[in-house]
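Geometric and topological summary
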Amino acid sequence: MPDTPEKDPVTTSSLGTLLVISSVLVMLTLVWALYNEFFGLRPWKSYEREFSARYQTFLHKQIPQQEAAEKQILASPEYQQLDQQLKAAEEQVQQKADEADKQIAILDARFSALTETFTTERAYVATQVYAIEHTSLSRQPGLQKKLAEHEVGPFRVSLPTPPDGRIVTGDYTFQQLQDEFNKVQLDKANLLEEKSALLHPISDLRKKRDAYLTDHLNGLTSEQLSGLLKKALEAPVEIRQINIPDAGIVDRCESCHAGIREPVVITAKDMGGKKVFVSHPDPELLALHDPDKFGCSPCHGGNGMALESVERAHGNYEHWLWPLHPMENVQAGCQQCHAMDMVLDHAPVLSEGKDLFQRRGCVGCHRFQNYDPEPEEIASVQQETILLESKRAEAQHNVQRSIQMGDAAPDNDTARMYYTQADSLRVSISDIDGRIEQLDRRSKDLLRDTKKVGPDLKEVRVKIQPDWIPVWISNPHAWRPSTRMPRFRLKDDEVKAIAAFIWQSGIDATLPHQPPGDPVKGKESFETRGCLGCHSLDESSPHFAANLSRVGEKDNYDYLVRWIHNPRERTRPYCPFEKRDLTEADYKKHGLPYVFDLDHSKCPNDGHELQVEQETIMPNLRLTIEESRDIASYLITLKTKEPSSYPHADYLNDPSLKAQGHALVQRYGCAGCHEIAGMEDEGRIGTELTKEGSKPLEQIDFALLTREAREQGWYNHKGFFEHKLAKPEIYDTGRDWKDRDPNDRLRMPDFDLKPQEISSLTTFLMGAVDSQIPPRYWDMPEDQRRDIQEGWWVVKKYNCMGCHQFMVGQSSRLMMLPHYQTPEGRDQLPPKLMDEGARVSPDWMEKFLANPAMDPKDTDRDGVRSYLKVRMPTFFFSPIEIRKLVRFFQALAGQPMPYIPPKLEPLTDQEIAMARALFTSKGAPCLKCHATGDPAHDKFATAPNFLLARDRLKPDWARRWMLDPSMISPGTAMPSGLFKPVGDHYVFAGPTPDIFKGYDGDQPELLVRYMFEITPDEQRRLMSMSAEMLKTSELIRSQKPGVLSQNPAHPGPIVARIVARQAGGFGK
Amino acid sequence: MDWHQLWEITSAPDNVPIVALILLVPFYTWYGIRQALANDRLIAQLEADPQLAKTHHRKTLPWKAGWSKEVPVWPYLLRIEFLAVIIVTVLLMVWSITLNAPLEELANPNLTMNPAKAPWYFLGLQEMLVYFDPWMAGVVMPSLIIVGLIVIPYIDANPLGAGYYTWKQRRFAIGTFCFGFMLLWLLMVVIGTFIRGPGWMWFWPGQTWDPNNQVFEVNRDLPDIFRITSAWGKTIFGAVVMGFYFAVSGGIIHKLFTWSNWNKKIFQKMSFLQYMTMQAFLTVMMLLPIKILIRHLFRIKYIWVTPWFNL
């Protein structure tokens, strides 16, 4: 035990130091918390300050530049003249305006001087009137008398008096006060009106002068820029937020991207390399999607609410499910609202993706809303038909029963009730019959519209050289790199089994033997008839349909002739109800001839609609059998080696391979793209992709690459799609196939997509999401825009753009071919369709699309432009698609539907004579280029026959066309400047025939009326009238075409082509 | 070794308390034991000097000559508590500034998280679900834990060791606490946090949490091993085994409890009710480690299988 007692550690020790330290710490933490609150969590503050500073510098630099540019414009004589005019006008009215102002000022003073006295008295009178109305009858006269005495006044007021404003004092009664009060107001109103009438021309002149400045200045004026500068200077540092409560959009993006909506173009360079401050690169798109209505994140993705860091705001973290779309896939954001659109302006990458999904046959395995809807619709129509048929049978049964009950009824009333019941059932049966008929028609149309991505494999035995099949199946890309058929990763025995199955399931038939044609003529036809609008002979150029360069190695000549003559011809019809191909025996059984086509499409066994066409996009060019033979003979010469040099595949007929082949064909979903006997109703084998972009990542199988993907940063939808598309089997990597079922291997074949194609498809799939945005944002219009949306699907489906131009800047495949580069070649191009809806009547168009020959018998011709070598083919569109197309063209040209043709005044004899004279005048030899039906003449024609005009054209358009065709169709052969304006009408610009003397009507309108009345007789008369000129036409044709002179004073014929414009008009 | 995986677990904001726990519990245990041993030495000194012990103390408490016999709450206790308040405030503020609340995306009923884990303080209960049926692990055992904690003052017959750290006078209590709280409860929390991955499967630290991980495990009930098939047979067999267990573990606990002379004296002081209550809670508590062990060592799921409950 120690001697000196130890001090108590609790009572004697001091905690002072610890307390001081921890108090300091707590203070520091408090400071830290405050700093974090004001700055750490609010980085946007510094962004806003930096933007403001940089933007001001930018504007300070811009303003002098714009000022200099403005000065130049201000100094220009045009501006000076406008300015002078304005000043002169101002001077002219200055005095009167000043006088009016003075008078108005006097009236204002008079009014205010009156107001006090008058309003006081008026209030007194009002209270007295109230008192009179609410008092007893006996007291009324007294009050009335008192009021009348008061109203006499007199009330003394001093009023400034026009015209000089002198103050006049006078005595007024109440009534006089009131009148004066009203008069002053009226006078003032009159004066103001006078003044504004006086100034109106001045404000017009000022607008004109200012418009001249803005029209000639590139960008904003310096004044506007100064306004922006002022705004930037005054802009408070605050959260800039777009809030749309009912759509759940809260976007604060502009708190950092402060320049995105500025009306000037701001580049990163202007902002010291800071990309965050640029203005939106597509202001036009932004104008269509006002951020105040759409926000930012619905299109771009990202976490619009987050502000604390770039990573959070862009949503690039695990728990934000809609991260910002990367720049290369930015158009993915369009898809969720524009799912109905096949072609989308401002989104070329997405449109390309949508197109590829169809063209490369993705749709064969993967369902996607709006793509290839026909098979599903057919199934539902079939189901409904079956249901109705059983309903009909039941009703039939009930009719019998009701009649029996009626017969056995104890009294008349009951019997009548049963008979009525039977009658009403009969009526309902007839309703059902009507409905079934409708469904049958619908299913006929749908069967017609059903197309497969690949060719019909039922025809394989009549079409293909057997030895070629295994070569093709094992690696299509090796044989033809650009083919849309993908490469399946098959072993040799699998290739053999599939080939054997395909071969053995083909229809065994003999085609009529075709004599050989002339390959030289065939080559000519192939190159000019329009085959190259879809097909190609070389690998490099993009093409819609197959590259035909090696057709000779694989196809049978006889089949090729049939195919070219009519690609839709089937060897046997297919009955979707019986689910088999019918044979001649089926027809014989019912005593029917073995004839099946679009007019004979009912099944002899059950009366349902048959598939009587090949399910191919390829249309019928209506060639003669001879020409078809020529082309086939030419194509069959296209080969790099002899068909006999392929290794002989004798196992194709080995029945033991068939079962394995069948299983493999089923496994790989071949029937998704090909028609295969017995597998017509096989479903799609792939997963549906309509909402794939928003499928939870956990449900997307990266398999053994999960960890790698996470580490390398592609564990997201984009990464999955890109890797999958580049190498579909990639997610099998590392699997131990020794102990696994080989059928678990991924089935998706290799498409050999180019990086750009992968990017487009990825964009499309990333955009394919279950939208978070309310449906009212989706682009599902009810009006004509919907017709345009629907039409594009058809246009894309049949590749109409291979031959026609639909939009300025878009060029058809044909336009790119060397054949059509000369001016003569250009005249041979199919018509541009940009304004087609305004040009032709919808009724006519419907007929034309159904049969472009416009003649039920003579089909080896083109109904409108018989002079073209290239031919509008027959697509055998169903009424559904024709309606869509017609509405599409009408909508594209902004034409109202339905179209009611305007009534044209019949021509008087005098007018007919005038029109004839103009038609045949030397200045405008219409019949020189327009076809007449005379074969000798039509050889050189470059424009349609006038006889077609009445049914085909819309008169308003015809007049516009005559005035300036190059405005409607840049590069047309029709000359512009034929007419010049005189007063309120147009007159012929060339030498006017004498007969027109004294005529002051609109000459183009006269011609239109005449055109719509031309009969074949009249046309012959015209031809004889201008016979002399037509002879000389040869001469003119041989001359080099010159550039059109728009100057009406220019002498000589106005027959020229606008070569310069045409060259510029084709875009890329 | 997948260090990334380990780092992901350790650095998750949800797991801050557990990581802190792993460090803090051993530290404070060591700190408390150190103080307890120091006090024990003082007590020994006092006891060695019977005169001093007699004049200064009714009970043997740690005390030195010169120390105050009583220390007022104000200011001596409150100033320490005030200091603690400040330090905890600093800690909480720094924590809340540096780490955000671990919020995830909007819940999707079609896509539940894997693994789905309870908050850290309940992970022990969740881990218990592996070894007992939900009725036992979710209702009976938690109730017993709470009741057991309430009961402690009523069965504590030891007059010493209150208000200061001591090991010598509280060996059995401290031992039970260390075993029950630190070894069982905290260990299960740590297992739930660090070991249990997707599918609540066992992943050693450093193993990748792969949701597609394949594990081969066959768990059986004890009666199945003895090929007992009838429900009554199983019930009776289980009851016998459990009775045997309670008898044996009760005996062992008694041996442990009366190991030292000190405890023998306390045992003498305890009433029968007090002692039996203590035995009941301790034997039930021991079930947990035993079930964990037989599950992991022998792949036995339940011992006592009845139509009404399983144990």
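For clarity, every value in this text was computed on a predicted model and none was experimentally measured. (Residues numbered from 1 in each chain as written. Chains lettered and ligands numbered in written order. Predicted model: local features only at pLDDT ≥ 70, side-chain atom pairs only at ≥ 80, totals over all residues.)

A few words on the overall build of chain B. A count of helices and strands for chain B gives 11 helices and zero strands. Starting at the N terminus, the α and β elements of chain B follow one another as α-α-α-α-α-α-α-α-α-α-α. Its C-alpha atoms give chain B a radius of gyration of 24 Å, clearly above 19 Å, the size a compact globule of 311 residues would have. Over its C-alpha atoms, taken along the principal directions, chain B stretches across nearly 70 × 55 × 30 Å. The proportion of buried residues among the 311 residues of chain B is 13%. (Helix = DSSP H or I, 4+ residues; strand = E, 2+ residues; numbered from the N terminus. Rg over C-alpha atoms; globule rule 2.2 N^0.38 Å. Buried ≥ 20, exposed ≤ 12 C-beta atoms within 10 Å, placed from the backbone.)

Time to look at helix α34 (residues 909-919) of chain A. Residue and element names in this part refer to chain A. Buried residues of α34: M914, A915, L918 and F919, and no others. Along α34, the residues classed as buried sweep out an arc of 135° about the axis, all on the same side. Pointing more than 90 degrees away from the buried face of α34 are the exposed residues D909 and Q910. Buried residues in α34 make contact with α35 (926-929), β9 (985-988), α40 (1003-1011) and α41 (1016-1025). (Arc of directions from axis to C-beta. Contact = placed C-beta atoms within 7 Å.)

In this section: the interface of chain A and chain B. In this complex, chain A contributes 24 residues to the contact, which on the side of chain B involves 23 residues. Sorting the residues of the side of chain A that touches chain B by element identifies α1 (9-12) and α2 (16-40) of chain A as the ones contributing at least two each. Sorting elements by how many residues they give to the side of chain A that touches chain B places α2(A) first, with 10 residues. Residue composition of the side of chain A that touches chain B, by class: 13 nonpolar, six polar and five charged. (Nonpolar A, V, L, I, M, F, W, Y, C, P; charged D, E, K, R; others polar.)

Attention now moves to the sheet that holds strand β6 (residues 580-581) of chain A. Pairing within the open sheet is antiparallel, and its three strands lie in the order β6-β5-β7 (chain A). Each having just a single partner strand, β6 and β7 (611-613) of chain A make up the two edges of the open sheet. (Pairing = 2+ DSSP bridges.)

Let's shift gears to the environment of D558(A). All names here are of chain A. Structurally, D558 can be placed in helix α21 (residues 557-565). For the pair D558 and S633, spaced 75 residues apart in sequence, the C-alpha to C-alpha distance is 9.8 Å. Excluding anything up to four places from it in sequence, D558 contacts L511, P512, H513 and Q514.

Another point: the pairing of strand β8 (residues 979-982) of chain A. Residues and elements named next belong to chain A. For β8 and β9, the ladder comprises four bridges, and the chain directions are antiparallel. Note on β9: the bridge partner recorded for V982 is H985. Hairpin connection, β8 to β9: the antiparallel pair is bridged by two residues, and G983 has positive phi, about 60°.

Let us look at helix α6 (residues 134-155) of chain B. Across its 22 residues, α6(B) extends 30 Å between first and last C-alpha, which sits within 8% of the 32 Å expected from 1.5 Å per residue. Of all the bends in α6(B), the greatest, near 30°, is centred on V140(B), and the proline P142(B) appears no more than four residues after it. (Expected span 1.5 Å × (residues − 1). Bend = angle between axes of the 7 residues up to and from the residue.)

Moving on, we come to unusual backbone geometry. The amide bond that connects M897(A) to the next residue, P898(A), takes the cis arrangement and shows omega of -5°. With respect to the helices, strands and loops of the structure, P898(A) is situated in the loop between α33 (879-892) and α34. With an omega of 5°, the peptide bond between W74(B) and P75(B) qualifies as cis. Secondary-structure assignment places P75(B) in helix α4 (residues 73-98). Of note in this structure, H346(A) is not a glycine but carries a positive phi near 70°. Along the chain, H346(A) falls in the loop between α12 (332-335) and α13 (348-359). The phi torsion at M854(A) lies on the positive side, around 55°, for a residue other than glycine. Structurally, M854(A) is set in the loop between α32 (842-850) and α33.

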